[in-house]
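These are the residues of each chain, in order.
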Amino acid sequence: MSSSNLDAFRSLVRTEGARLYRDLPWRQTRDAYEIWLSEVMLQQTQVARVQTRWQEWLDRFPSVFSLAEASTADVLAAWQGMGYNRRALALKATAEEVVRAYDGVFPAGTKELVALPGIGPATAQGIRAFAYDLPGVYLETNVRTVVLHHLFPDVPSVPDKELVPLVQATCPAGEGGCADANTGTPFAEPQDEADTPRSWYYAMLDYGAYLKKTVPNPSRRAKAYTRQSKFEGSRRQKRAEVVRMLLTAQAAGEALDAGAILQGLNRVEREAGRPAVELEFVQSLLDDLQREGFCREADGVWRIA
């Protein structure tokens, strides 16, 4: 991209970002814990839903220390309805590691962040940009949408390796100048004092969200795009139901054996018009959940770990 095209693109995005700015609650903080939580919750979840659940979570676990100290059952119970229960376990594991290794302060380096459980490159760069105002390649779905719409019109199956240099070139430098102090990677010179990684990526996110509502979703032309698999009737749905049953039983001071879990799961399946499952299938679910740290078996009954 030429320097003039780069400047024109950046000017357009900043103008549209200002026009479309969303005053979301996690934008009123620079607390890395709160921003990390929003980044995880926003993965495949509508913004309106996250607005409610983000604050509810913070009311229950106001700091990384309180999350690290919470029981697995409490964390999973707080996450119910958000999908992908593995993310709740990863949240707790990350909180424990941040407390243990960093005295409760999230690191700012990409290498250190992606080494934490459940934090990938996009989440790491979200923390860096929004908590620490540091430059980086924050390549998430709305950012992809903007880049694909303007710089790859009508081009199918665009790989991320073609997007990364452009996202990098358009992100302004942080306070340390036009290079990322963590990696030495050059970034765009800021156009004014308000042109920072934090404000830039807010503009990209808001403009991208607008484009997805007004034009055929450009992010579907990314090679990295995958359509979310159907949840109802899937193994993932049945796993989630088993976790819900175990949480409900544990809250009542009870535990369930595999037979009771089978009965409860088949009740749900019948009500949904789906065929019953066998005990062997339930046992395989429980074995998977135990291996992943969700639950444990003792004396023939199952409880949340």
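1. A word on the nonpolar core
Moving on, step 1. The biggest cluster of nonpolar side chains holds 83 residues, and the ones touching the most others in it are Trp57 and Tyr201.
Moving on, step 2. A total of eight residues in this core trace back to one element, the largest contributor, which is helix H11 (residues 197-214).
Moving on, step 3. Those residues within four positions of Trp57 in sequence are excluded, and the remaining contacts are Tyr33, Leu37, Met41, Leu67, Val75, Ala78, Trp79 and Leu91.

2. Quick word on the environment of Glu140
Moving on, step 1. Structurally, Glu140 is set in the loop between helix H8 (121-132) and helix H9 (141-151).
Moving on, step 2. Given a relative accessible area of 17%, Glu140 falls into the buried group.
Moving on, step 3. Note: C-alpha distance between Glu140 and Gln43 (97 residues apart in sequence) is 9.3 Å.
Moving on, step 4. At 2.5 Å, the side chain of Glu140 forms a polar contact with the backbone nitrogen of Asn142.

3. Describing the pattern of salt bridges
Moving on, step 1. Under the defined criterion, the tally for this structure stands at 18 salt bridges.
Moving on, step 2. Between Asp160 and Arg144 there is a salt bridge; the shortest N-O distance is 2.7 Å. Placement of the pair is Asp160 in helix H10 (residues 160-170) and Arg144 in helix H9, with a sequence separation of 16 residues.
Moving on, step 3. Looking at Asp160, the relative accessible area reads 24%, which means it is partly exposed.
Moving on, step 4. What makes Arg144 buried here is its relative accessible area of 16%.
Moving on, step 5. One salt-bridge network, in which partners are shared between bridges, spans Glu232, Lys238, Glu269 and Arg274.

4. With respect to the layout of surface pockets
Moving on, step 1. Within this model, the largest pocket holds a volume of roughly 1500 Å³.
Moving on, step 2. Around the largest pocket, the lining comprises 40 residues; the ones closest to its centre are Leu42, Gln44, Glu140, Thr141 and Lys212.
Moving on, step 3. Counting only elements with at least two residues in the lining of the largest pocket, the list comes to H8, H9 and H11.
Moving on, step 4. Ranked by residues supplied to the lining of the largest pocket, first place goes to H11 with seven residues.
Moving on, step 5. Here the residues of the lining of the largest pocket are counted per class, giving 17 nonpolar, 12 polar and 11 charged.
Moving on, step 6. If you add up the space inside the second largest pocket, you get close to 320 Å³.
Moving on, step 7. In terms of lining residues, the second largest pocket is bounded by 17 residues, among which Gly83, Tyr84, Phe231, Arg236 and Ala240 are the most central.
Moving on, step 8. If one sorts the elements of the lining of the second largest pocket by residue count, helix H12 (residues 235-251) sits on top with four residues.

Calculation rules
- Residues numbered from 1 in each chain as written.
- Predicted model: local features only at pLDDT ≥ 70, side-chain atom pairs only at ≥ 80, totals over all residues.
- Heavy atoms only, no water.
- Core = buried A, V, L, I, M, F, W, Y, C linked by side-chain atoms within 4.5 Å.
- Buried < 20%, exposed > 50% of the residue type's maximum accessible area, 1.4 Å probe, protein only.
- Helix = DSSP H or I, 4+ residues; strand = E, 2+ residues; numbered from the N terminus.
- Contact = heavy atoms within 4.5 Å.
- Polar contact = N/O pair within 3.5 Å; in protein donor to acceptor, adjacent residues only side chain to side chain.
- Salt bridge = Lys/Arg side-chain N within 4 Å of Asp/Glu carboxyl O.
- 1 Å grid on protein atoms, 1.4 Å probe; cavity = no way out; pocket = protein on both sides within 12 Å on 5 of 7 lines; lining within 4 Å.
- Points joined across faces, edges and corners; volume = space filled by probe spheres on them.
- Nonpolar A, V, L, I, M, F, W, Y, C, P; charged D, E, K, R; others polar.

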